[in-house]
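# Descriptive analysis of the structure
Below are the chains, spelled out letter by letter.
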Amino acid sequence: MINMNEKMKAIISTYCQKEMEPRIESIIRNIVDHVKEVYQCIVYDPSGDIQEDQIDLEKIISFSGDMTGYEVDSNEIIIDKEDIYESCHMALADVLIDELQRKYSGKKFVVYILDMDESIAVRFHTYREDEGLWLDEDLNKYDEPILYVFR
């Protein structure tokens, strides 16, 4: 499922320039190579510092609300707009989900792309039926151009 607000529809296209494919692959590889499973959460850990035995999950959930909140808080990757064209937002989300599902088979993921002034923010989480989506399905409530891909 793909959902986006009207602001994102105004800047995105379904066509990503062929020359951007290696750049997207590099971004995705960097993300996927640095995710790990911690207490059934998939978290981005670029420094390799997160150790499950050193995490107080109850305390984290008290700040984040639930496991989805913990993942989303942990899984924010900021990409400079000079590194990827706006037309490639959907391709980035699609490929990231494919690679996460390849690494963690059987899990469903939601990838969010937020288009900001100078950069884009990529966030993702495992989909849990009892927790649902991180954001409201009505993305027009948000000021920034945003999309999510869920599968």
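Details of the structure are given in the entry above.
Residues numbered from 1 in each chain as written. Predicted model: local features only at pLDDT ≥ 70, side-chain atom pairs only at ≥ 80, totals over all residues. Heavy atoms only, no water.

So, on to helix α4 (residues 67–74). An α-helical turn contains 3.6 residues, so a residue and the one three or four places further along point in the same direction. Most of α4 is tucked away, with seven of its eight residues classed as buried. Along α4, the residues that are buried comprise Met67, Thr68, Gly69, Tyr70, Glu71, Val72 and Ser74. Sitting at the amino-terminal end of α4 is Asp66, which places a side-chain oxygen 3.2 Å from the backbone nitrogen of Thr68. (Buried < 20%, exposed > 50% of the residue type's maximum accessible area, 1.4 Å probe, protein only. Helix = DSSP H or I, 4+ residues; strand = E, 2+ residues; numbered from the N terminus. Polar contact = N/O pair within 3.5 Å; in protein donor to acceptor, adjacent residues only side chain to side chain.)

Right, let's get into the packing of helix α2 (residues 21–33) against helix α5 (residues 89–103). Across the interface, α2 lies against α5 with an axial gap of 10 Å and an inter-helix angle of 40 degrees. Here the hand of the crossing between α2 and α5 comes out right-handed. When α2 is examined against α5, the residues Ile24, Ile27, Ile28, Arg29, Ile31, Val32 and Asp33 are found in contact with a partner set consisting of Ala91, Leu92, Val95, Leu96, Glu99, Leu100 and Lys103. Tallied by class, the residues present in the contact of α2 with α5 amount to 10 nonpolar, no polar and four charged. (Axes fitted to C-alpha atoms, helices over the stretch in contact; angles between N-to-C directions. Left-handed = near helix turned anticlockwise from the far one by under 90°. Contact = heavy atoms within 4.5 Å. Nonpolar A, V, L, I, M, F, W, Y, C, P; charged D, E, K, R; others polar.)

A word on the packing of helix α3 (residues 57–64) against α4. Packing of α3 against α4 brings their axes to within 8 Å, and their N-to-C directions diverge by 85 degrees. Considering the angle they form, α3 stands roughly perpendicular to α4. The segment α3 lies against α4, with Leu57, Ile60, Ile61 and Ser64 engaging Met67, Gly69, Tyr70 and Asp73. Residues that form the contact of α3 with α4 fall into these classes: five nonpolar, two polar and one charged. (Parallel < 35°, antiparallel > 145°, perpendicular 65-115°, else oblique.)

With 13 residues, α2 extends 18 Å from end C-alpha to end C-alpha; this agrees with the ideal 18 Å at 1.5 Å per step. Considered for burial, the residues of α2 that qualify are Ile24, Ile27, Ile28, Ile31 and Val32. What you see down the axis of α2 is that its buried residues fit within an arc of 125 degrees, all on one side. Exposed residues pointing more than 90 degrees away from the buried face of α2 are listed as Pro22 and Glu25. For α2, the secondary structure elements touched by its buried residues are β2 (35–38), β3 (41–44), β4 (76–80), α5 and β6 (119–126). (Expected span 1.5 Å × (residues − 1). Arc of directions from axis to C-beta.)

This brings us to the packing of aromatic side chains. Counting across every chain of the model gives three aromatic pairs. Ring geometry for Tyr112 and Trp134: centres 5.2 Å apart, planes at 75 degrees, overall edge-to-face. Pair noted here: Tyr112 is in strand β5 (residues 109–115) and Trp134 is in the loop between β6 and β7 (146–150), with a separation of 22 residues, a long-range link. Judged by relative accessible area, which is 0%, Tyr112 ranks as buried. For Trp134, a relative accessible area of 31% corresponds to the partly exposed category. (Phe/Tyr/Trp six-rings, centres within 6.5 Å; stacked < 30°, edge-to-face > 60°.)

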